[in-house]
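Listed below, chain by chain, are the residues.
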Amino acid sequence: MAEDKLVSRSEDFNEWYNTLVLRADLADYGPVRGTMIIKPYGWTLWENMQQALDRRFKATGHLNAGFPMLIPRSFIEREASHVEGFSPELAVVTVGGGKELEEPLVVRPTSETIIGYAYSKWIKSYRDLPVLINLWNSVVRWELRTKLFLRTQEFWWQEGHTAHATHAEAQAETLQMLDVYLDFARNEAALPAYTGRKSASEKFPGADVTYSLEAVMGDGKALQAATSHNLGQNFARAFDIKYLDRGNELQHCWTTSWGLSTRFIGAIVMAHGDDQGLVLPPRLAPHQAVIVPIYKSEEEQAMVLEACQRVRAMLADAGVRVIADLREGLSPGFKFNDWEMRGVPLRIEIGPKDVAKESVALARRDIPGKAGKSFVPVAGLAAAIIAKLDEIQQNMLARATEFRDANTSHPRDFAGLAAAVVNGFARAWSCGKPECDAAIKEQTKATNRCIPLDQVPGGGPCVYCGEPATEQAYFARAY
RNA sequence: CGGGGUGUGGCGCAGUUGGUAGCGCACCGCGUUUGGGACGCGGGGGCCCGCGGUUCGAGUCCGCGCACCCCGACCA
């Protein structure tokens, strides 16, 4: 329960985030270091995200499936860069049923390998392709330094895994899913993000190409919000995923994988939250509106509560996710703060004056104070609220886009880049040599986030070494 | 794994030169309150991280562990 003011976001962003996640009732710490308990409020937010994504996955032809959590360790070792990337962070099971196991099992850090095992059994002919499967599950990575939602030992996500007959199809799939994520981020989470290709050093272990969404957080740092990988034939070769083509020739498949995790909840917190707490986009918010009754005497209480129930039923019938806060013994002021902490987009106040006027007081979470308040007649309230929720959603996207653009600069030299990445993104010419990225990281703590797909024609001198470059890249400090 | 810090009711902390544990919030009960974080009275709850030592006596002093947090390296 919210009892005090949060530390202000500008004063200590880190502290603000940590306490907000706990106070807004999203999550709690688990008993094992680095683990996270997602509480019902946080999980409901995740469910809303899942539904919005799942709709899009189904619309693009994917089906969900369930795969085992335990994977033979030898599977991980079959793909050279995959084992190199994941070995350091594996949790390994060595004992089962009280007996030492013949072969240790790893708790999945991601499922490419066990998918490879299954696909090699299932796919025989070009007629079997494409295979388009998505998993909703959790994975474990033994992270050394953790932070609620952003990096935990276990996290929940979806991982899509597809197999195709040609490179072109796999590439189209990879980019299609990147677009799905971008659309989800913009239109559901009100979060504009940059997209692009990962540099060689930042790509997924085992992928030919990795694409990512890079979102700008409230402190100007970057958060990788989703990834989509073209795995080429790497896993197909490692796991013998082969098919006979029309000409009766045996071919390796081309596979992809793509994922978005509960980390995205952290992105929503850090991109939209303010000093009062969370600000949730209406399309994803567990409660889109909260009704707070206000009364003194018992007669007023009866009258007000009756009005609250009526309004609640009316809105629920209209499809609004609405809750009435009928807790007794708490002052309205306390409840206002409490629901602001939890980021509910709209507050509906109903007191004796409102009952008398047959209206309610509306307060917008995205516009604090008087400016966000209005009085709306009960007649036609549902339509007004639905319109208002849409307006809030649009406003949040517009504001986040404005913030992103205001915190992105285009430096032409290294000094400019170093200054820009202290609290924002820098888009600059980059020659792409790993040494340049490494030096930039060393000196500024900023990494090459991605190489955007929308390149400008021509070229310029690399922001670090000055040699001719034909592509630009985004640089930022990252979570 | 390196550097720093902290372990005392659920949470946040105080605890003096060693003398047998306290405050705020939360929780429970009763009453008064309620248009921006209400108040009064009463109440419950603690092997002071663990083990060993010094001492008549240890939350406090000394060892050795363990855990967690912050800053780096590594990472969705």
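J.: Hey, could you go over the sheet that holds strand β18 (residues 359-364) for me, with residue numbers and the actual values?
T.: Ordered by their spatial adjacency, five strands build an open sheet running β16-β15-β17-β18-β19, and the pairing between neighbours is mixed. Both edges of this open sheet fall to β16 (322-324) and β19 (373-377), since each of them pairs with a single strand only. The average angle at which neighbouring strand axes cross in this sheet is 25 degrees, direction not considered. Sheet topology note: the strand β15 (residues 289-293)/strand β17 (residues 346-350) ladder contains five bridges and is parallel.

J.: Any details on the domain arrangement of chain A? Residues and values, ideally.
T.: Structurally, chain A comprises domain 1 (13-272), domain 2 (289-388) and domain 3 (409-476). Taking only C-alpha atoms, the centre of domain 1 and the centre of domain 2 are 40 Å apart. In this complex, domain 1 contributes six residues to the contact, which on the side of domain 2 involves four residues. Across the domain 1 to domain 2 interface the summed buried area is about 450 Å²; carbon plus sulfur atoms make up 53%. Counting across the domain 1 and domain 2 interface gives one salt bridge. A salt bridge links D25 to R342; the nearest nitrogen and oxygen atoms lie 4.0 Å apart.

J.: Residues and numbers for the sheet that holds strand β5 (residues 91-96), please.
T.: Spatially, three strands are ordered β4-β6-β5 in an open sheet, and the strand pairing comes out antiparallel. Taken across any chain shown, the strands that pair with only one partner, and hence form the sheet edges, are β4 (70-72) and β5. Across the sheet, the mean angle separating the axes of adjacent strands is 50 degrees when strand polarity is ignored. One ladder, built from five bridges, connects β5 with strand β6 (residues 99-107); its direction is antiparallel.

J.: Tell me about the protein's contact with RNA strand B, residues and numbers included.
T.: Close to RNA strand B lie 40 residues, the nearest being R145, R151, Q224, R263 and S331. Here the atoms of RNA strand B within 4 Å of the protein split so that 44% fall in sugar or phosphate, with bases taking the remainder. With respect to RNA strand B, the side chain of R263 contributes an N or O atom lying 2.5 Å from a sugar or linking oxygen. A distance of 2.7 Å is found between a base nitrogen of RNA strand B and a side-chain nitrogen or oxygen belonging to E340.

J.: Provide a residue-level description of the nonpolar core, including the pertinent values.
T.: Core analysis: the biggest nonpolar cluster contains 56 residues, and L26, M49, F149, L260 and F264 have the highest contact counts within it. It is helix α2 (residues 40-59) that provides the largest number of residues to this core, a total of seven residues. Both domains that meet at this core, namely domain 1 (13-272) and domain 2 (289-388), each give it at least three residues. F149 has contacts with Y17, V21, L26, A27, M36, I38, T262, R263, I265 and G266, leaving out every residue within four places of it along the chain.

J.: Explain the packing of aromatic side chains to me, using residue names and the numbers behind them.
T.: What the rule picks out here adds up to 17 aromatic pairs. Both rings, one in W43 and one in W156, keep their centres 5.8 Å apart while their planes meet at 85 degrees; by these two values the pair is edge-to-face. Here W156 lies in strand β8 (residues 154-164) and W43 lies in helix α2, a separation of 113 residues in the sequence. By relative accessible area, W43 is classed as partly exposed at 27%.

J.: Go over the environment of V180, please, and point to the residues and values.
T.: Mapping V180 onto the fold places it in helix α6 (residues 167-187). Taking C-alpha positions, V180 is 8.0 Å from F57, a pair spaced 123 residues apart along the chain.

J.: Any chance you could break down the pairing of β18 for me, citing the residues and the numbers?
T.: In summary, the side chains of a regular strand alternate between the two faces of the sheet. Judged by how many residues are buried, β18 sits mostly within the fold: six of six residues are covered. Residues S359, A361 and A363 point to one face of β18 and V360, L362 and R364 to the other, with burial holding for every one of them. In this sheet, β18 lies alongside β17 in antiparallel orientation, the contact comprising four bridges. Bridging from a neighbouring strand, L346 pairs with R364 of β18. Bridge count for β18 against β19 is five bridges, and the pairing is antiparallel. Residue pairing for β19: A361 is matched across the bridge by F375.

J.: So what about the pattern of salt bridges? Which residues, and what values?
T.: Inspection of every chain in the model, using the stated rule, returns 29 salt bridges. Overlapping salt bridges, with partners in common, bring together D25, K39, D325, R327, K335, D338 and R342 in one network.

J.: For the side chain of D54, give the residues involved together with the corresponding values.
T.: Of note, D54 is situated in helix α2. Of the polar contacts made by the side chain of D54, one reaches the side chain of N64; its length is 3.0 Å. If we ignore the near neighbours within four places in the chain, the residues touching D54 are N64, N134 and W136.

J.: Give me empty space enclosed by the protein: which residues, what numbers.
T.: In the structure shown here, the tally under the stated rule is one cavity of 30 Å³ or more. Empty space within the largest cavity amounts to approximately 60 Å³. Residue assignment for the lining of the largest cavity shows that the elements contributing at least two residues are α5 (112-122), β8 and β14 (254-261). Considering every element that reaches the lining of the largest cavity, the biggest residue donor is α5, with four residues. Tallied by class, residues from the lining of the largest cavity come to five nonpolar, five polar and one charged.

J.: Give a detailed account of α2, specifying residues and quantitative values.
T.: An α-helical turn contains 3.6 residues, so any two residues separated by three or four positions project in the same direction. Here α2 is 20 residues long and its end C-alpha atoms lie 28 Å apart, about the 28 Å a rise of 1.5 Å per residue gives. Following α2 by one or two positions, G61 adopts a phi angle in the positive range, close to 90 degrees.

J.: I'd like to hear about the packing of α2 against α6, residue by residue, with values.
T.: Contact geometry for α2 and α6: axes closest at 10 Å, N-to-C directions at 140 degrees. The interaxial crossing formed by α2 with α6 has right-handed handedness. Where α2 approaches α6, its residues M49, A52, L53, R56 and F57 are matched on the opposing element by M177, V180, Y181, D183, F184 and N187. Considered class by class, the residues forming the contact of α2 with α6 number eight nonpolar, one polar and two charged.

What counts and how
- Residues numbered from 1 in each chain as written.
- Chains lettered and ligands numbered in written order.
- Predicted model: local features only at pLDDT ≥ 70, side-chain atom pairs only at ≥ 80, totals over all residues.
- Heavy atoms only, no water.
- Pairing = 2+ DSSP bridges.
- Helix = DSSP H or I, 4+ residues; strand = E, 2+ residues; numbered from the N terminus.
- Axes fitted to C-alpha atoms, helices over the stretch in contact; angles between N-to-C directions.
- Domains from an automatic or database assignment.
- Contact = heavy atoms within 4.5 Å.
- Buried area = accessible area lost by both parts, 1.4 Å probe.
- Salt bridge = Lys/Arg side-chain N within 4 Å of Asp/Glu carboxyl O.
- Near = heavy atom within 4 Å.
- Polar contact = N/O pair within 3.5 Å; in protein donor to acceptor, adjacent residues only side chain to side chain.
- Core = buried A, V, L, I, M, F, W, Y, C linked by side-chain atoms within 4.5 Å.
- Buried < 20%, exposed > 50% of the residue type's maximum accessible area, 1.4 Å probe, protein only.
- Phe/Tyr/Trp six-rings, centres within 6.5 Å; stacked < 30°, edge-to-face > 60°.
- 1 Å grid on protein atoms, 1.4 Å probe; cavity = no way out; pocket = protein on both sides within 12 Å on 5 of 7 lines; lining within 4 Å.
- Points joined across faces, edges and corners; volume = space filled by probe spheres on them.
- Nonpolar A, V, L, I, M, F, W, Y, C, P; charged D, E, K, R; others polar.
- Expected span 1.5 Å × (residues − 1).
- Left-handed = near helix turned anticlockwise from the far one by under 90°.

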